[in-house]
Amino acid sequence: MSHDVPKRNWSYPTAIKFGAGRIAELADHARAAGLGRPLLVTDRALAALPITAAALDVLERAGLGRAVFSDVDPNPTEANMQAGIAAYRAGGHDGVICFGGGSALDLGKMIALMAGQRAELSVWDLEDVDDWFTRADADAIAPVVAVPTTAGTGSEVGRAGVLTNAATHRKKIIFHPRLMPAVAICDPELTVGMPPFVTAGTGMDALAHCLEAYCSPHYHPMSQGIALEGMRLVFDNLPVVYREPGNLMARAHMMSAAMMGAVAFQKGLGAIHSLSHPVGAIYGTHHGTTNAVVMPAVLDFNRPAIEERIAAAAAYLGIPGGFDRFRARVVALCEELGIPKGLAAMGVEADRLDELTAMALEDPSCGGNPLPMTAQNTRALFEAAL
Ligand SMILES: NC(=O)c1ccc[n+]([C@@H]2O[C@H](COP(=O)([O-])OP(=O)(O)OC[C@H]3O[C@@H](n4cnc5c(N)ncnc54)[C@H](O)[C@@H]3O)[C@@H](O)[C@H]2O)c1
Ligand SMILES: [Fe+2]
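Everything numeric in this text was worked out from a predicted model, so none of it was measured. (Residues numbered from 1 in each chain as written. Chains lettered and ligands numbered in written order. Predicted model: local features only at pLDDT ≥ 70, side-chain atom pairs only at ≥ 80, totals over all residues.)

Mind laying out the domain arrangement of the protein, listing which residues take part and the relevant values?
Its domain assignment divides the protein into domain 1 (15-191) and domain 2 (196-385). Distance between the C-alpha centres of domain 1 and domain 2: 25 Å. If you look at the interface, domain 1 gives 27 residues, while domain 2 gives 27 residues. The biggest single contributor to the side of domain 1 that touches domain 2 is strand S7 (residues 170-175), with 3 residues. Residues of the side of domain 1 that touches domain 2, tallied by class, amount to 10 nonpolar, 12 polar and 5 charged. (Domains from an automatic or database assignment. Contact = placed C-beta atoms within 7 Å. Helix = DSSP H or I, 4+ residues; strand = E, 2+ residues; numbered from the N terminus. Nonpolar A, V, L, I, M, F, W, Y, C, P; charged D, E, K, R; others polar.)

Written as structure tokens, this is what we have:
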């Protein structure tokens, strides 16, 4: 019966240097990854913070310079990428240090991916569809060192970046197997200064990755286990870091949960992400916060397909009472974290739901949802989440 065994491509993460204070090792790991003239890519707000100056000091003391590119928007765009490529080429750099949240990490990865490619290749030709990545010259991809300062996207252990096409208002997942950072430096001290709403939203992104991976129907038992334990880490630690920003152990657990979510979601994402991507592309809302807002409605939507599976998760997580209590726990967590009560509270307009529905159905995350998504049920889902 060997023909019943599914064919799958699994890939597991990069080297991870985990622990408080490990940013002090940045120059050593950058050199080991082959970087002699790195460009540190971060965003404008982070560029002004002491954690960034301290990281640059480490590089400078080791003779690696302190070149920075910080023209990065939240939900970064192709224009950000082109400006970054120009800075990379002008500085004669030989690799990228991605320093920040998902926006800076992804944009840094896009610069590393595209700076050495032939001029005719558009980044949109490398969308995560079929084997489009083969259009890129793999040997031209610059090495990347990733330093997350949020605990949510897990981009530091992933092979993709999310880029917004400002012309079409589409958020696209750009993928290449060689885009995996050579090393990720995960220092929980870097996440302590996140504003509370960023702590909340990014932590809910990690939960969304674990939850969607766990519920996805695809066969991937390793991801299944990782997603379940990732959910436990979020439920146990996200309220703690929100209340006590300086709790380093809880911050460390959230960094682990973020990476576990990203490792797990190679199993698949689902309706949470397919709804959230168009909302983020049109309204510029924070990704993880948007995921949290739609999460209860998506749980209800998928209930017929996931009720038993969620009951099993609830039992593992110490939430007695099956699906209903699990859902109630998600809602209570959102309330505790001050997550907006619906998409309307984030500025989403009812008269744009048809457009958002069409965009959600184009999003590749749909494919991992436990139930098929149609124009009718997706529009109804948006209404429920409004
Ligand atoms: N590559 C992936 O697999 C993947 C997965 C999920 C999401 N994403 C993408 O990542 C982006 C979101 O990333 P994010 O949620 O990490 O937010 P973000 O990178 O947009 O950062 C949010 C805000 O927090 C600030 N900030 C970050 N770290 C800080 C710190 N330590 N102290 C103070 N301020 C800090 C930033 O300056 C920014 O203003 C979206 O574009 C999303 O689509 C990517
Ligand atoms: Fe996400």
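Don't stop here, the text continues.
Which residues make up the sheet that holds strand S2 (residues 39-41), and what values go with them?
Spatially, the 6 strands line up as an open sheet ordered S1-S8-S5-S4-S2-S3, and their pairing is parallel. The open sheet has two free edges, formed respectively by strand S1 (15-18) and strand S3 (68-69), since each of these has just one partner strand. Relative to strand S4 (residues 96-100), helix H5 (residues 102-114) is tilted by about 165°, and along the sheet it contacts S2, S4 and strand S5 (144-148). (Pairing = 2+ DSSP bridges. Axes fitted to C-alpha atoms, helices over the stretch in contact; angles between N-to-C directions.)

I'd like to hear about the UniProt feature "domain: Alcohol dehydrogenase iron-type/glycerol dehydrogenase GldA" (unreviewed entry) in the protein, residue by residue, with values.
The UniProt record marks residues 13-188 with the feature "domain: Alcohol dehydrogenase iron-type/glycerol dehydrogenase GldA" (unreviewed entry), using the residue numbering of this structure. Spanning residues 13-188, this segment combines 28% helix with 20% strand, and its end C-alpha atoms are found 19 Å apart. (UniProt positions renumbered as here; feature names shortened; annotations may be inferred.)

Tell me what's going on with the site of ligand 1, and back it up with residues and numbers.
In the vicinity of ligand 1 lie 32 residues, with Ala45, Gly101, Gly102, Ser103 and Ser155 positioned nearest. Secondary-structure elements contributing two or more residues to the shell around ligand 1 are helix H2 (44-47), H5, strand S6 (160-165), helix H6 (196-215) and helix H10 (287-317). Element by element, the count of residues in the shell around ligand 1 is highest for H5, at 4 residues. Of the residues in the shell around ligand 1, the class split is 12 nonpolar, 17 polar and 3 charged. Two domains share the shell around ligand 1, each providing at least three of its residues, namely domain 1 (15-191) and domain 2 (196-385). (Near = placed C-beta within 6 Å.)

Pulling in residues and values, what's your account of the nonpolar core?
Counting 119 residues, the largest nonpolar core has Val41, Cys98, Ile111, Val147 and Cys210 as the members making the most contacts within it. The dominant element in this core, judged by the number of residues it contributes, is H10, at 12 residues. The two domains that each donate at least three residues to this core are domain 1 (15-191) and domain 2 (196-385). Those residues in contact with cysteine 210 that sit more than four places away from it in its chain are Ala227, Gly230, Met231, Val234, Met260, Gly261 and Ala264. (Core = buried A, V, L, I, M, F, W, Y, C linked by C-beta atoms within 7 Å. Buried ≥ 20, exposed ≤ 12 C-beta atoms within 10 Å, placed from the backbone.)

Run through the pairing of S7, naming residues and quoting values.
Summarising burial for S7: 5 of the 6 residues are buried, a large majority. Here S6 runs beside S7; their pairing, made up of 6 bridges, is antiparallel. By the bridge assignment, asparagine 165 is partnered in S7 with arginine 170. In sequence, S6 turns back onto S7 through a hairpin of 4 residues, with histidine 169 there showing a positive phi of about 55°.

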